[in-house]
Amino acid sequence: MAANNNSDPILDEGGGGGVKHEAAGEAGEGKGGGGGAAATQAPAAMLPRSGSRPQLDLSGAAIHGNLEDRNPTILLPNQSDDISHLALDIGGSLIKLVYFSRHAEHSSEDKRKLSTKRRLGMLNGGRRSYPVLGGRLHFVKFETGKLNECLDFISSKQLHRGGVDSPSWCSGAQPDNIVIKATGGGAFKYADLFKERLGVSLEKEDEMDCLVAGANFLLKSIRHEAFTHMDGQKEYVQIDQNDLFPFLLVNVGSGVSIIKVDGHGKFQRVSGTNVGGGTYWGLGRLMTKCKSFDELLELSQRGDNSTIDMLVGDIYGGLDYSKIGLSASTIASSFGKTISDDKELSDYRPEDISLSLLRMISYNIGQISYLNALRYGLKRIFFGGFFIRGHAYTMDTISFAVNFWSKGEAKAMFLRHEGFLGALGAFMSYEKHGLDDLRIHHLVERFPMGAPYISWMEKFVQKGTQITAPVPVGFPVTTGMGGFERPTAKGDILRSDASAALNVGVLHLVPTLDVFPLLEDPKMYEPNTIDLDLNEYKYWFKILSDHLPDLVDKAVASEGGTDDAKRRGDAFAHAFSAHLARLMEEPAAYGKFGLANLLELREECLREFQFVDAYVSIKQRENEASLAVLPDLLMELDSMNEEARLLALIEGVLAANIFDWGSRACIDDFDMFKKRMLADKKGQPYKRALLFVDNSGADVVLGMIPLARELLRNGTEVVLVANSLPALNDVTANELPGIVAEAAKHCGILRKAAEAGGLIFDAMAGIQDDLKDEPVSVPLMVVENGCGSPCIDFRQVSSELAAAAKDADLLILEGMGRSLHTNLNARFKCDTLKLAMVKNQRLAEKLFNGNIYDCICKFEPVHLT
Ligand SMILES: CC(C)(COP(=O)(O)O)[C@@H](O)C(=O)NCCC(=O)O
Ligand SMILES: [Mn+2]
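Read on for a plain summary of the structure.

About the cut-offs
Residues numbered from 1 in each chain as written. Chains lettered and ligands numbered in written order. Predicted model: local features only at pLDDT ≥ 70, side-chain atom pairs only at ≥ 80, totals over all residues. Heavy atoms only, no water. Donors = N, O, S within 2.8 Å, 3.2 Å for Na, K, Ca; no water. Buried < 20%, exposed > 50% of the residue type's maximum accessible area, 1.4 Å probe, protein only. Salt bridge = Lys/Arg side-chain N within 4 Å of Asp/Glu carboxyl O. Helix = DSSP H or I, 4+ residues; strand = E, 2+ residues; numbered from the N terminus. Right-handed = clockwise from strand over helix to strand, strands pointing away. Pairing = 2+ DSSP bridges. Near = heavy atom within 4 Å. Polar contact = N/O pair within 3.5 Å; in protein donor to acceptor, adjacent residues only side chain to side chain. Areas by Shrake-Rupley, 256 points an atom, 1.4 Å probe, with all protein chains shown as cover. Nonpolar A, V, L, I, M, F, W, Y, C, P; charged D, E, K, R; others polar. Phe/Tyr/Trp six-rings, centres within 6.5 Å; stacked < 30°, edge-to-face > 60°. Lys NZ or Arg CZ within 6 Å of the ring centre and 35° of its normal. Axes fitted to C-alpha atoms, helices over the stretch in contact; angles between N-to-C directions. Contact = heavy atoms within 4.5 Å. Patch = residues over 30% accessible without salt bridge, like charges linked within 9 Å, V, L, I, M, F, W, Y side chains within 5 Å. Lys, Arg positive; Asp, Glu negative; His and termini not counted. Charge placed at Lys NZ, Arg CZ, Asp CG, Glu CD.

**Some remarks on the coordination of the manganese ion (ligand 2)**
Move 1: On the protein side, the manganese ion (ligand 2) has Asp694 (OD), Asn695 (OD1) and Asp730 (OD) as donor atoms, found 2.0 to 2.1 Å from it.
Move 2: Mapped onto the sequence, the donors of the manganese ion (ligand 2) take the spacing D-N-x34-D. We note that aspartate 694, like asparagine 695, is buried.

Have a look at this one:
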């Protein structure tokens, strides 16, 4: 990495003059998020931010968090080490921005959460235990020719001063002293303009350092970053961290750099070529009069390069030159045909020119890269840079060249964040950004539809239907000629810039997420049960589209049916339909995407349009109705013998009273579970059970809570695990304590356990205490799972759940989302019971050769697995 500039920050004697910005909470916060009571803001002397030498600024220090803690966190409101928020890569053609916005501070931790954390041994004296504060990394680009737009964007979002999204204590540096990391030639060329327009100094970072740091970060931290692209097929590659280096990094910007990377900060620029993206765009513009790079690329898709390129067949009378392995369709000489006849430029179709140029440059890059890989014995070549633009034909052409010349030995791979390597690397060069410490499970990528600098309202209401999915254009017609063998880039649809940006989402940094410790083999774990091939995609897209009007109605009603809610409802429907269309067109556009991701995307999209909880009133109604019948159910259960009761409880969970055990069960391990519960280890109950609850109403109240009660009665601690954020009618961790408290009014077992688990405090005073003299109960607790989806991905759960899992010896996963769509085949380190009713005919047939409303009761004792 480049050496840091050692200039000391200059203390601003003026004090308190920093610009204060409102902490504008953005929608779509994503998973989890840090908690903590907001500290009182104190006016204080501000330290100017120095990118390279953050210093501790103690001014305005205040106690932050709960005073019950022995060592509460001390918040340094003017401390600047975590506000490295903007970095730039100013290239010859494009300016790339990476910026960080803080998550809005969440509400303070309530008594329940603190008590659960204490019980789970999670209170560590208030020290900050996470490597980095939660927030989001955004990726934005501008044409260098439109630098003013970029400056306006930075200025409108106040990115150079900490950002409008940052809490006010984040900001405050005097504009004159603000330093922003920048790389690329423009960091030198436009430094004065940045100073003049924004009052900021650009601190230059070496371009190669940045490219390598950016690539290494992406390959280490993003699960679905690298992919191969051959014959129109995109395939994500799981990179083994221990087997990443060495590799060749080829950055195709205006020109091309070829870098051999041996480790973090260890690399050598081994070659390059001046024939790159700038060459394609420059020559293309001159020859076709195209107005933009994308227009030129789009033209190529309708081109036929055989009118321009001289092919082997043109020279050999239509024959292959098989002796040296050249087919008749091989390009013998790019643009070779244009020398031999007397045509003018205007006689050639711009489409053909563009395709010829694209192939010439892509093959050339592929070939030079391969030769360098050969030179250093490298098998993997990662291509980055904005020339590639996720363009299928370009990637296929490069892959083809690498594959052809290496005879299949070397592999061309591409990066989803291809254009942002330099900017990301510049961002990494701030000290104390904490990104080095992040692991894959701390990052959640989201794909908001709102344009980066236009509010959703402007975008979706003013522009309306323009913002729908891009209209697919036809495949390029190359008439089968040219190239080594013609690459066939199916699905090579060129998107408008706005939608192409959707390939790269906003990276949410959520340091509170953990890998679930009871996963048997986290490396092999795959949450989704079925692979979505195109047919499956079509099927689920239809289900989701059909369901959309009803969901919009519910969402709008949940916000009082106001005009604003209606507008947001329309915007949501547009945005979600656009997502579906985008994925239909290219299923791998957002990384490897399964059904769980699709279902989560819908919830995220609702949140983006500020629908907090579409099912809120439905959930309340159903909870109330179910609580009203709970006492009768409990009485009935208590009148049964143990065996009958266990069966009734499982039946209750499976169908919340509509399931008839006489009906077909496609997996029925009930007897095995019964044996374990009742016979096998009598006197040895499970120590702690984690119950992953699903829906509100009957499901939780008449199903899971009575089952929890049975376990508690047997002396098993119970942790109810519920969603952190709403998803459909699923009960959330915030709602559960209230429901449990209501249920506990009718049941001493629940009451004692809920008290022991810190779920109810004084609320129960005044209720007749019929169990006063009974021994202290095992606790009933509630923890959040870290998700806002009907499914669960055990690679990313809340730290609270991870802590609760440490002593658990029984998991009960309930519902279709959590135990069927996901995790049906997941293996855990402790006994696991998966309960679900199959509410979909196709899935019942596909998975079990069964029928809709069949049930699964799958028990996987650990000693048998
Ligand atoms: C959305 C769901 C995963 C929720 O199911 P749950 O987890 O609540 O049992 C499930 O209802 C589902 O896949 N529904 C689609 C079924 C259909 O309309 O055919
Ligand atoms: Mn559900």
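There's plenty left to go through after this.
**Remarks on the pattern of salt bridges**
Move 1: Counted by the stated rule, this structure contains 41 salt bridges.
Move 2: One salt bridge connects lysine 592 with glutamate 526, and the closest N-O pair in it is separated by 3.3 Å. Of this pair, lysine 592 sits in the loop between helix H16 (563–585) and helix H17 (595–608) while glutamate 526 sits in the loop between strand S19 (513–514) and helix H15 (534–558), and the two are 66 residues apart along the sequence.
Move 3: In this structure, lysine 858 and glutamate 860 form a salt bridge, with 3.5 Å as the shortest nitrogen-oxygen distance. Glutamate 860 shares its class with lysine 858; the two are buried.
Move 4: Through salt bridges with shared partners, a single network forms among Asp638, Arg645, Arg709, Glu710 and Arg713.

**Some details on the pairing of strand S26 (residues 831–837)**
Move 1: The buried fraction of S26 is high, at seven of seven residues.
Move 2: Residue alternation in S26 divides its side chains into two sets, Asp831, Leu833, Leu835 and Met837 and Thr832, Lys834 and Ala836, and both sets are buried.
Move 3: For the segment spanning strand S25 (residues 810–814), helix H25 (residues 816–821) and S26, crossover handedness is right-handed.
Move 4: Sheet analysis places S26 next to strand S27 (residues 855–860), joined by six bridges and oriented antiparallel. Bridge pairing in S27 places leucine 833 opposite phenylalanine 859.

**Considering the site of ligand 1**
Move 1: Neighbouring ligand 1 are the residues Trp540, Ile543, Asp694, Asn695, Leu728, Gly815, Met816, Gly817, His821, Lys839 and Asn840.
Move 2: At 2.8 Å from an oxygen atom of ligand 1 is found a main-chain nitrogen or oxygen belonging to methionine 816.
Move 3: If ligand 1 stood free it would expose 470 Å²; the protein chains cover 79% of that surface.
Move 4: Breaking the shell around ligand 1 down by element, the ones donating at least two residues are H15 and H25.
Move 5: A breakdown of the residues in the shell around ligand 1 according to their chemical character gives four nonpolar, five polar and two charged.

**Topic: the packing of aromatic side chains**
Move 1: Enumeration according to the criterion identifies 30 aromatic pairs in this entry.
Move 2: Where phenylalanine 227 meets phenylalanine 414, the ring centres are 6.1 Å apart and the plane angle is 35 degrees; that geometry is what we call tilted. Of the two residues, phenylalanine 227 is situated in strand S8 (residues 226–230) and phenylalanine 414 in strand S16 (residues 411–415); the sequence distance between them amounts to 187 residues. Both residues of the pair, phenylalanine 227 and phenylalanine 414, count as buried.
Move 3: Measuring from ring centre to ring centre gives 4.7 Å for phenylalanine 516 and phenylalanine 794, while their planes differ by 45 degrees; the resulting arrangement is tilted. One end of the pair, phenylalanine 516, is in the loop between S19 and H15; the other, phenylalanine 794, is in the loop between strand S23 (780–784) and strand S24 (797–798), and 278 residues separate them in sequence. Across the pair, exposure class does not vary: phenylalanine 516 and phenylalanine 794 are buried alike.
Move 4: Ring pairs connect the aromatic residues Phe516, Tyr525, Phe692, Phe794 and Phe828, which therefore count as one cluster.
Move 5: Above the ring of phenylalanine 188, the side-chain terminus of lysine 204 is found at 5.8 Å from the ring centroid.

**Let's talk about the sheet that holds strand S11 (residues 256–263)**
Move 1: Strand order in this open sheet of seven strands is S9-S8-S16-S15-S10-S11-S12, and the pairing throughout is mixed. Edge positions in the sheet fall to strand S9 (233–236) and strand S12 (266–273), since each has one partner strand and no second. Adjacent strand axes in the sheet meet at a mean angle of 30 degrees when their direction is disregarded.
Move 2: Judged from the seven bridges that link them, S11 and S12 form a sheet pairing that is antiparallel. Along S12, the bridge assignment pairs lysine 260 with glutamine 268.
Move 3: Against the sheet, helix H5 (residues 207–221) contacts S8, strand S10 (247–252), S11, S12, strand S15 (380–384) and S16, and its axis sits at roughly 60 degrees relative to S11.
Move 4: Against the sheet, helix H10 (residues 350–376) makes contact with S10, S11, S12 and S15, and its axis sits at roughly 140 degrees relative to S12, the strand it touches most.

**Comments concerning a negative patch on the surface**
Move 1: Together, Asp341, Asp342, Glu344 and Asp347 make up a region of like negative charge exposed at the surface.
Move 2: Within the secondary structure, aspartate 341 sits in the loop between helix H9 (337–340) and H10.

**Section: the sheet that holds strand S17 (residues 443–446)**
Move 1: Strand order across the open sheet formed by seven strands is S7-S6-S3-S4-S5-S18-S17, with mixed pairing between neighbours. The sheet terminates laterally at strand S7 (201–204) and S17, the two strands that pair on one side only. Adjacent strand axes in the sheet meet at a mean angle of 25 degrees when their direction is disregarded.
Move 2: Bridge analysis of strand S4 (residues 94–102) against strand S5 (residues 135–143) gives nine bridges, and the strand direction is antiparallel. Across the sheet, phenylalanine 100 pairs through a bridge with leucine 137, a residue of S5.
Move 3: Sheet strands in contact with helix H12 (residues 421–428) are strand S3 (86–90), S4, S5 and strand S6 (179–183), and its direction is about 140 degrees off that of S3.

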